[in-house]
Structures are given as C-alpha cells and as structure tokens.
Amino acid sequence: MLLKSEIDLLRAVPLFAGIEPSRLKLIAYTAETVMYREGQVLCRQGEQGDAAFVLMDGEADVSIAAETGDFVVARLKTGDVVGEISILCDVPRTATVTAKTPVSALRVRKDAFLQLVRQFPEVAAEVMRGLAERLSHTNAELVRARDLAAGKGGAR
C-alpha cells in the first residue's frame, strides 16, 4: 500500500514536481525503493545500465576510473537523478556511484524511465536540464584542469 509520505517525497524531487499525484502513485508503484549502506556501490562504471536512480535520502559520490585511481567528479544529494545516461544512450555506465552516507533511492527500470520521459514533457525537460548542468560543470572542470596543467592555475 502506497503511503502519502512516499507521494510527498516524490513531489519534492524536481524531476517529478510537475506531475499530478495520481501519476506519482503510478511512478511509486513501478519503481523499487532500494537502500544502500555507506560505501556500497549503486552502479559501477562499465556495467550495462538497466535502471536510473533517484536519491530520496542521503548522499553519494560519482567517480570515474583514472590511471591514478578513482576520481570523484560529483556529490549527489536528495532529489538528484543518476544512471540516466546509460539507459538514454544505451551505453555502459559512465561512472561509479558510491553511497557516501546511508542512501535511500528509487530504482526506476529502463522501460519505466523511458515511458516517463515520453509521457511527461516536464520529466524530459528536467532530465535535459540536469544533463546540461553536468556538462557545464564538466566543461568548467576541464578548463580548470587544463589551466593547472599549463601552470596558469592559482589558488581559488
């Protein structure tokens, strides 16, 4: 039985903010609530993606493998979505996501996620906004890294 609190949690997530409560019940019904302990991996770089995750509580680090070890590129918080690149582009996971604190997340299967994007333009727009923000952040980090490598970086 779905609780009102689950629907309220979904409504607080920017991805689902514009969706009517009856539709939120459907989303909650098709998604699986998963719990992760601190240090536990939600998804691993290189694996095939079969779901996206919406963090309902907690924080997680997004890292990519480098020659010198794993490099944390982002910290996720409540309301953030991760794993959508793999299912939207049908490519292996581009990063590893590890719980920094205990995490509660909604695991939305690929078919259900794609259906959400098709049915709700506001969901598609929010996914695009999130991807654009990440791209902008990544571009800024690349410029900063290039400047540091060229000796142009100062204390910031």
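All values derive from a computational prediction rather than experimental measurement.

## As for the overall build of the chain
Item 1. Check the secondary structure of the chain and you find 5 helices and 8 strands.
Item 2. Ordering the α and β elements of the chain from the N terminus gives α-α-β-β-β-β-β-β-α-β-β-α-α.
Item 3. Once the C-alpha set of the chain is aligned to its principal axes, its extents read approximately 60 × 30 × 30 Å.
Item 4. Counting every position in the chain, which comprises 156 residues, the buried fraction comes to 36%.

## Some thoughts on the side chain of Thr-96
Item 1. In this structure, Thr-96 sits in strand S7 (residues 96–99).
Item 2. With relative accessibility at 10%, the residue Thr-96 sits in the buried group.
Item 3. Separated by 2.9 Å, the side chain of Thr-96 and the backbone nitrogen of Gln-45 make a polar contact.
Item 4. What Thr-96 contacts, discounting residues up to four positions off in sequence, is Val-41, Cys-43, Arg-44, Gln-45, Asp-61, Val-62 and Ser-63.

## Digging into the UniProt feature "domain: Cyclic nucleotide-binding" (unreviewed entry) in the chain
Item 1. Per the UniProt annotation, the sites labelled "domain: Cyclic nucleotide-binding" (unreviewed entry) are residues 15–134.
Item 2. With 33% helix and 36% strand, residues 15–134 has its two end C-alpha atoms placed 15 Å apart.

## Quick notes on unusual backbone geometry
Negative phi characterises most residues that are not glycine, and trans characterises most peptide bonds.
Item 1. At Asp-90, a residue that is not glycine, the phi angle is positive and equals roughly 55 degrees.
Item 2. Examined against the element boundaries, Asp-90 turns out to sit in the loop between helix H3 (84–89) and S7.
Item 3. Residue classification places Asp-90 among the exposed positions, given a relative accessible area of 51%.

## A word on the nonpolar core
Item 1. Formed by 23 residues in total, the largest nonpolar core has its most connected members in Leu-10, Leu-15, Phe-16 and Val-54.
Item 2. Elements with a contribution of two residues or more to this core: helix H1 (4–12), helix H2 (21–30), strand S3 (51–57), strand S8 (103–109), helix H4 (110–119) and helix H5 (121–149).
Item 3. Sequence-distant contacts of Leu-15, that is, excluding residues within four places in its chain, are made with Val-54, Val-81, Val-123, Glu-126 and Val-127.
Item 4. Formed by 15 residues, the second largest nonpolar core is a distinct cluster that contains Leu-42, Cys-43, Leu-76 and Val-97.

What counts as what
- Residues numbered from 1 in each chain as written.
- Predicted model: local features only at pLDDT ≥ 70, side-chain atom pairs only at ≥ 80, totals over all residues.
- Heavy atoms only, no water.
- Helix = DSSP H or I, 4+ residues; strand = E, 2+ residues; numbered from the N terminus.
- Buried < 20%, exposed > 50% of the residue type's maximum accessible area, 1.4 Å probe, protein only.
- Polar contact = N/O pair within 3.5 Å; in protein donor to acceptor, adjacent residues only side chain to side chain.
- Contact = heavy atoms within 4.5 Å.
- UniProt positions renumbered as here; feature names shortened; annotations may be inferred.
- Core = buried A, V, L, I, M, F, W, Y, C linked by side-chain atoms within 4.5 Å.

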